[in-house]
Amino acid sequence: MAIDTGLDKSDRSASIEALRKVLGETYALYFKTHGYHWNVTGPRFKALHELFMQQYTELWQALDELAERIRALGEFAPASSDEIAAYATIKPDNGVPDADSMIENLVRGHETIARVARDGVKAAEEGDDAVTVDLLTQRLAASEKAAWMLRASV
């Protein structure tokens, strides 16, 4: 069935591409954060274990919102981890870093999501896609807050 919500195909395509990039980065950071939750050690174990759980839970929920927005715009969401990861610049670790490195890596990851979401907001604004602008603004705010929380824990 054709989509007639006031956004033309090229505007929807620009929003979809922006959403795919944020989805990819979010997916990559979700897995990194969850792995850190499992593997963090040291005197701050309990605090970081809980912080990482809070953050990976929020990232997991964001994945669904991003994918469903792609569907609402008329495209299929990426359906495999390889397809989603192809949009990510955040790379997995080789090994388990120490707690301070985990925090630094997660800050950089959230800052990456913030930058990609900010670029996506601009693309969605150009296409007058207010819903995607709102969603990506929420992602941007969540990532900036998460990075702040992580920085404050050092």
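Refer to the preceding data block for the structure.
Calculation criteria
Residues numbered from 1 in each chain as written. Predicted model: local features only at pLDDT ≥ 70, side-chain atom pairs only at ≥ 80, totals over all residues. Heavy atoms only, no water. Phe/Tyr/Trp six-rings, centres within 6.5 Å; stacked < 30°, edge-to-face > 60°. Helix = DSSP H or I, 4+ residues; strand = E, 2+ residues; numbered from the N terminus. Buried < 20%, exposed > 50% of the residue type's maximum accessible area, 1.4 Å probe, protein only. Salt bridge = Lys/Arg side-chain N within 4 Å of Asp/Glu carboxyl O. Contact = heavy atoms within 4.5 Å. Core = buried A, V, L, I, M, F, W, Y, C linked by side-chain atoms within 4.5 Å. Axes fitted to C-alpha atoms, helices over the stretch in contact; angles between N-to-C directions. Parallel < 35°, antiparallel > 145°, perpendicular 65-115°, else oblique. Left-handed = near helix turned anticlockwise from the far one by under 90°.

1. Looking at the packing of aromatic side chains
So, point 1. Enumeration over the complete set of coordinates arrives at five aromatic pairs.
So, point 2. Judged by centre distance (6.1 Å) and plane angle (80°), the rings of Y30 and Y56 are edge-to-face. Of this pair, Y30 sits in helix 1 (residues 9-39) while Y56 sits in helix 2 (residues 45-72), placing them 26 residues apart in sequence.
So, point 3. The class for Y30 is buried, based on a relative accessible area of 10%.
So, point 4. Since its relative accessible area comes to 12%, Y56 is described here as buried.

2. Details of the pattern of salt bridges
So, point 1. Tallying each qualifying case throughout the model produces eight salt bridges.
So, point 2. Notably, a salt bridge pairs D129 with R69, separated by 2.7 Å at the nearest N-O pair. Placement of the pair is D129 in the loop between helix 4 (99-126) and helix 5 (130-152) and R69 in helix 2, with a sequence separation of 60 residues. When sorted by exposure, D129 lands in the same class as R69, which is buried.
So, point 3. Salt-bridge contacts for E144 lead to R118; the nearest nitrogen and oxygen are separated by 2.7 Å. In this pair, E144 sits in helix 5 while R118 sits in helix 4, placing the two residues 26 residues apart along the sequence.

3. Points about the side chain of T33
So, point 1. Note on placement: T33 falls in helix 1.
So, point 2. Its relative accessible area of 0% is what places T33 among the buried residues.
So, point 3. If we skip the residues at most four places from it in the chain, T33 touches F52, Q55, Y56, L59 and L106.

4. What about the nonpolar core?
So, point 1. Counting residues in each nonpolar core, the largest one holds 41 residues, and the members touching the most others are L19, F52, L66, L136 and L150.
So, point 2. Listing elements by their share of this core, those giving two or more residues are helix 1, helix 2, helix 4 and helix 5.
So, point 3. With 11 residues, helix 4 is the single largest residue contributor to this core.
So, point 4. With sequence-adjacent residues up to four places away left out, F52 is seen in contact with T33, Y36, H37, V40, M102, I103, L106 and L150.

5. Describing the packing of helix 1 against helix 5
So, point 1. Contact pair helix 1 / helix 5: the axes reach a minimum separation of 11 Å and the direction vectors enclose 20°. In terms of axis orientation, helix 1 runs roughly parallel to helix 5. Note that helix 1 runs across helix 5; the crossing there is left-handed. Residues S15, A18, L19 and V22 of helix 1 pack against T132, L135, L136 and R139 of helix 5.

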